[in-house]
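Chain by chain, the residues run as shown.
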Amino acid sequence: MSDVKQKMTVNIQRCKGCALCTAVCPKKIVEIQKEKRNDKGYFYARCVDQDKCISCAMCAMMCPDCAIKIEK
Ligand code: SF4
Ligand code: SF4
């Protein structure tokens, strides 16, 4: 589990927690975590299972703030 490749990365300072990315992910692995806020005070999105990510980039395309980066 420790050497799982990070395919989906959220730029947490850009995220405003709108949750559009969570709705669109076909694998349902994006969530708005409720533990930490970014500098603007928003709870931000995270990928909960990088292993399951298929790098489809649906989340990145949906994000209005271009906060998500996808790598294969
Ligand atoms: S790239 Fe696709 S599978 Fe991966 S987190 Fe984004 S929407 Fe989900
Ligand atoms: S769509 Fe973008 S701004 Fe909205 S919660 Fe997801 S990463 Fe954050």
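Scroll up for the structure.
Keep in mind it's a predicted model, so treat the numbers as computed, not measured. (Residues numbered from 1 in each chain as written. Chains lettered and ligands numbered in written order. Predicted model: local features only at pLDDT ≥ 70, side-chain atom pairs only at ≥ 80, totals over all residues.)

1. A short note on the pairing of strand β3 (residues 43-47)
Cut-off, in case you're wondering: By the convention used here, strands pair only if DSSP detects at least 2 bridges between them. Secondary structure elements follow DSSP: runs of H or I no shorter than four residues count as helices, runs of E no shorter than two count as strands, and numbering proceeds from the N terminus.
Bridge count for strand β2 (residues 30-37) against β3 is 4 bridges, and the pairing is antiparallel. Pairing of isoleucine 32 across the sheet is with alanine 45, part of β3. Following β2, the chain reverses through 5 residues before pairing antiparallel with β3; glycine 41 in that reversal takes a positive phi of roughly 95°.

2. Here's the deal with the site of ligand 2
Quick note on the threshold: Residue proximity rests on one test: whether the C-beta atom, placed from the backbone, lies within 6 Å of the molecule or strand.
Neighbouring residues of ligand 2: 15 residues in total, closest Cys15, Cys18, Leu20, Cys21 and Cys63. Those elements that provide at least two residues to the shell around ligand 2 are α1 (20-24) and β3.

3. Points about the environment of lysine 7
Basically, it comes down to this: Neighbour density around each residue's C-beta defines its exposure: 20 or more other C-beta atoms within 10 Å make it buried, 12 or fewer make it exposed, and counts between make it partly exposed, where C-beta atoms are placed from the backbone.
Topologically, lysine 7 is positioned in the segment before β1 (8-10). On the neighbour-count criterion, lysine 7 (18 C-beta atoms within 10 Å) is partly exposed. Through-space distance from the C-alpha of lysine 7 to that of valine 30 is 12 Å; in sequence the pair is 23 residues apart.

4. Considering the site of ligand 1
What counts, and what does not: For this scheme, ten residues count as nonpolar: Ala, Val, Leu, Ile, Met, Phe, Trp, Tyr, Cys and Pro. Four count as charged, namely Asp, Glu, Lys and Arg, and the remainder, Gly too, count as polar.
By nearness alone, 15 residues border ligand 1, and Cys25, Cys53, Cys56, Met58 and Cys59 come closest of all. Across the shell around ligand 1, the residue classes break down as 13 nonpolar, 1 polar and 1 charged.

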